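Descriptive analysis of the structure
One-letter residues, chain by chain:
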Amino acid sequence: RLGFRFSGGRVLVRTLWNATLNLPYPVPFDLLGDNAKGWLQSDYLSPSLRLSRGNKGSLFVLVPEPQPDDPELEALLQPPPPPPRRAAAASLTKEPVLICPAQFGTEADYAELVAALEAR
């Protein structure tokens, strides 16, 4: 068993435009006290894979991190180049709008934005 205490976290999100967003994980670990402690028990171990179960029943599938000093491997891990840009269609007259889901709000919080977009 491996005991641990969370002190922070990051969320990496691959975007549609082939970039990576690196966002802080919004949990106040310092305020959680003993709830930020846990353990991992390895149930299966091989050179390329580790299956571990956490103290709250979560199953983790872990793979070793590649060595960063191998240029061939680093080249393979680079994201692919973005696709070539297409010429804008003549019929498009409005700029695109990116809407994020209402993870931290309600439908009413977006009523004004929806009305403004519908008016376009």
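Residues numbered from 1 in each chain as written. Predicted model: local features only at pLDDT ≥ 70, side-chain atom pairs only at ≥ 80, totals over all residues. Heavy atoms only, no water.

1. Some thoughts on the sheet that holds strand β1 (residues 2-5)
Taking strand neighbours across the sheet as the criterion, the 4 strands line up as β1-β4-β5-β6 in an open arrangement whose pairing is antiparallel. Each end of this open sheet is capped by a strand with a single partner; those strands are β1 and β6 (59-62). For this sheet the average axis-to-axis angle between neighbouring strands, irrespective of direction, equals 30°. Bridging between β1 and strand β4 (residues 37-46) involves 4 bridges; their strand directions are antiparallel. By the bridge assignment for β4, F4 is matched with G38. (Pairing = 2+ DSSP bridges. Helix = DSSP H or I, 4+ residues; strand = E, 2+ residues; numbered from the N terminus. Axes fitted to C-alpha atoms, helices over the stretch in contact; angles between N-to-C directions.)

2. Some thoughts on the confidence of the model for the chain
The predicted model of the chain has a mean per-residue pLDDT of 77, with 72% of residues at 70 or higher. When the elements of the chain are averaged for pLDDT, helix α1 (residues 71-77) gives the smallest value, 67, and strand β5 (residues 49-54) the largest, 91. (pLDDT = per-residue confidence, 0-100.)

3. Here's the deal with the packing of aromatic side chains
Taken as a whole, this structure holds 3 aromatic pairs when the rule is applied. Both rings, one in Y25 and one in F29, keep their centres 6.3 Å apart while their planes meet at 25°; by these two values the pair is stacked. F29 gets classed as buried once you look at its relative accessible area, which sits at 11%. Taken together, F4, F6, Y25 and F29 form an aromatic cluster joined through their ring pairs. Taking NZ or CZ as reference, R1 lies 3.7 Å from the ring centre of W39, over its face. (Phe/Tyr/Trp six-rings, centres within 6.5 Å; stacked < 30°, edge-to-face > 60°. Buried < 20%, exposed > 50% of the residue type's maximum accessible area, 1.4 Å probe, protein only. Lys NZ or Arg CZ within 6 Å of the ring centre and 35° of its normal.)

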